[in-house]
Amino acid sequence: MPKNFTFIDPTRSPIFYGYVILFFGTVGIYCSIPGQTIGVSVFTDPVKDALGLSRNQFSNAYMIGTIASSLVIGRAGIWFDRYGARLVAFYAALVLAMALFLCSWSVQMSTFVKESLDSDTWLVPFLLMTFLFFLLRFAGQGVLTMASRNVIMMWFDKNRGKVNMFSSVALSFGFSSSPLWIDYLIDTSGWQGAWHYLGFGLLAASVLIWIFYKNKPEEFGLLPDGVRISSESETTPVRAHQQFTLKEATATRAFWMYALMLSFNSFFITGLTFHIVSIFASEGFPKEDAISIFLPASVVAVSISTVANYLSDYLRLRLYLYLMISGGIVASIGFLYLPTAAGIPLLVVGFGMMSGFFAVLNTIVWPRFYGRDHLGAITGKVMSFLILASALAPSIFSLCFSTFGSYQLLGWLGLAFLVFLVFGSLKAKNPQ
């Protein structure tokens, strides 16, 4: 089936079809929540207890599954370039739905295997959940998120920052509120029923993806930002940008500096979030103080991403890279001096700055710097770094604390890495 086969003709849309893509692409990213850390973490306690796993065993299954997904997510980027956003996102939604249904039957499957082997070993549920976490992370956090984000960027060029502003704000509120309604589903329907509801929701989302996702405006005689091709001579538009392959992109310094900063953000924020209560307790703070930092940090992040997304259409992104590095430095200093009066405010501001600029750079850098022809392969490679960093963070934070009795070493290592990025980014120019 050709990639541009469609039930809806974008050229007949009363508005530029890119805005339809913006809406449904944002919905697609939102539907990846069951495969994101924020969507999985709510199920941790009831599922591990039902399967008879300890917290460490359950966490290690999650880590191994996530690392495994990071090793193959690059292949999904190649699929995106070859088969288009609609097919890739459609099948990702189906796989995520299947994984959710399998998760809901995990106890029954574990019991069946144990009885078949006549063994009551913890390895059975551990290996089962490792495989299921691989499916959840690969299809949800990886493929569905990447394809939905990229399809929006395919339909815009000069206005990428403005449309990403609306998407980022909607997703910030959507993701932050998701634990509340997922927890409500668990309370009212049980954890198995909650996963059933999420699975049926993904099946409905796959139908919307199939109907409304379109790969590129050029396939329908349109150009990004709503410019129509009016004559035969313009059916193949002249491209103002060089189209980089993955190999060419990874040969530039900019690719590595931006990818490493985005990966640091995933590592630091995942580790901080995962161990937030322990980190604050080690410095003498109660649980309430630890949890209270997320709301002000979210306000800072949403405010920064809104303004920065809008201005990104007019400013160089290297400025944003340095501001994000600055946010990391502020957060690391706050992390190191947490017991002092300035510690928590610095951590909140730095946390918010990194999160806000992450929402801009992780979306806008790659099509602006390297074009759209190989966007899937390039963003797939970056996504593998982000997933790997987020998978390793909880264990490295935990290892540091168990070995040294403090998290301080991570703050110093973070500062050293950020100083390296400061100097390494001096020549990280837009290769265009």
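Residues numbered from 1 in each chain as written. Predicted model: local features only at pLDDT ≥ 70, side-chain atom pairs only at ≥ 80, totals over all residues. Heavy atoms only, no water.

Visitor: Tell me about the confidence of the model for the protein, and name the residues and values.
Guide: Across the protein, the average pLDDT comes to 89, with 96% of residues at or above 70. Below pLDDT 50 for its whole length, residues 231-239 participates in six contacts with residues either more than four positions away or in separate chains. (pLDDT = per-residue confidence, 0-100. Contact = heavy atoms within 4.5 Å.)

Visitor: Help me get a handle on a positive patch on the surface, residues and values and all.
Guide: Where like charges cluster on the molecular surface, the positive patch consists of Arg253, Arg316, Lys427 and Lys429. By the element assignment, Arg316 lies in the loop between helix H13 (294-311) and helix H14 (317-336). (Patch = residues over 30% accessible without salt bridge, like charges linked within 9 Å, V, L, I, M, F, W, Y side chains within 5 Å. Areas by Shrake-Rupley, 256 points an atom, 1.4 Å probe, with all protein chains shown as cover. Salt bridge = Lys/Arg side-chain N within 4 Å of Asp/Glu carboxyl O. Lys, Arg positive; Asp, Glu negative; His and termini not counted. Charge placed at Lys NZ, Arg CZ, Asp CG, Glu CD. Helix = DSSP H or I, 4+ residues; strand = E, 2+ residues; numbered from the N terminus.)

Visitor: An account of helix H6 (residues 106-117) is needed here, citing residue identities and associated values.
Guide: With 12 residues, H6 should cover 16 Å at 1.5 Å per step; its first-to-last C-alpha distance of 16 Å lies within 8% of that length. Among all positions of H6, only Ser106, Ser110 and Lys114 are buried. Take H6 and look down its axis: the buried residues cluster within an arc of 65°, on one side only. In H6, the exposed residues that point more than 90 degrees away from the buried face are Phe112, Glu115 and Ser116. The inward-facing, buried residues of H6 abut helix H3 (44-51), helix H5 (85-104), helix H7 (123-154) and helix H8 (160-212). Residue Asp118 follows H6 closely and has a positive phi angle near 55°. (Expected span 1.5 Å × (residues − 1). Buried < 20%, exposed > 50% of the residue type's maximum accessible area, 1.4 Å probe, protein only. Arc of directions from axis to C-beta.)

Visitor: Describe the environment of Gly380, with residues and values.
Guide: Along the chain, the position of Gly380 falls in helix H16 (residues 375-404). Residues Gly380 and Ala76, spaced 304 residues apart in sequence, show a C-alpha to C-alpha distance of 6.6 Å. Excluding residues within four positions of it along the chain, Gly380 makes contact with Ile73, Gly74, Gly77 and Met146.

Visitor: So what's going on with a nonpolar patch on the surface? Which residues, and what values?
Guide: A contiguous nonpolar surface patch, about 610 Å² in accessible area, is contributed by Val307, Tyr310, Leu311, Tyr314, Leu315, Leu319 and Leu323. For the nonpolar patch, the element with the most residues is H13, which contributes three residues. Among the secondary structure elements, Val307 is positioned in helix H13.

Visitor: Please give an account of the pattern of salt bridges that cites residues and values.
Guide: A side chain with one charge can pair with a side chain of the opposite charge if their charged atoms come near. This model, assessed by the stated rule, comprises seven salt bridges. Asp313 is the salt-bridge partner of Lys162, the closest N and O atoms lying 3.1 Å from each other. Of the two residues, Lys162 sits in helix H8 while Asp313 sits in the loop between H13 and H14, which places them 151 residues apart along the sequence. Of the residues examined, Asp313 reaches a relative accessible area of 17% and is grouped as buried. The partner of Glu218 in a salt bridge is Arg372, and the shortest N-O contact between them spans 2.3 Å. Remark: Arg372 occurs in the loop between helix H15 (343-370) and H16 and Glu218 occurs in the loop between H8 and helix H9 (246-250); sequence separation between them is 154 residues. Here Arg372 falls in the buried class, since its relative accessible area comes to 13%.

Visitor: Summarise the nonpolar core; cite the residues concerned and give the values.
Guide: Residues Trp155 and Trp366 are the most contacted members of the largest nonpolar core, which totals 125 residues. The leading source of residues in this core is H7, at 17 residues. Trp366 has contacts with Phe255, Tyr258, Ala259, Leu262, Leu361, Gly371, Leu375, Ile378, Thr379 and Val382, leaving out every residue within four places of it along the chain. (Core = buried A, V, L, I, M, F, W, Y, C linked by side-chain atoms within 4.5 Å.)

Visitor: Could you give an account of the environment of Lys427, with specific residues and numbers?
Guide: Structurally, the position occupied by Lys427 is in the segment after helix H17 (408-424). Setting aside residues up to four positions removed in sequence, Lys427 forms contacts with Arg253 and Arg318.

Visitor: Tell me about the environment of Pro367, residues and numbers included.
Guide: Residue position: Pro367 is located in helix H15. Separated by 207 residues in sequence, Pro367 and Arg160 have C-alpha atoms that sit 9.4 Å apart. With residues up to four places along the chain from it excluded, the contact list for Pro367 reads Met153, Arg160 and Leu375.

Visitor: An account of the side chain of Thr26 is requested, with residue identities and associated values reported.
Guide: Tracing the backbone through its elements, the reader meets Thr26 in helix H1 (residues 17-30). Contacts of Thr26, omitting those with residues within four sequence positions, involve Ile21, Ile152, Ser167, Ala170 and Leu171.

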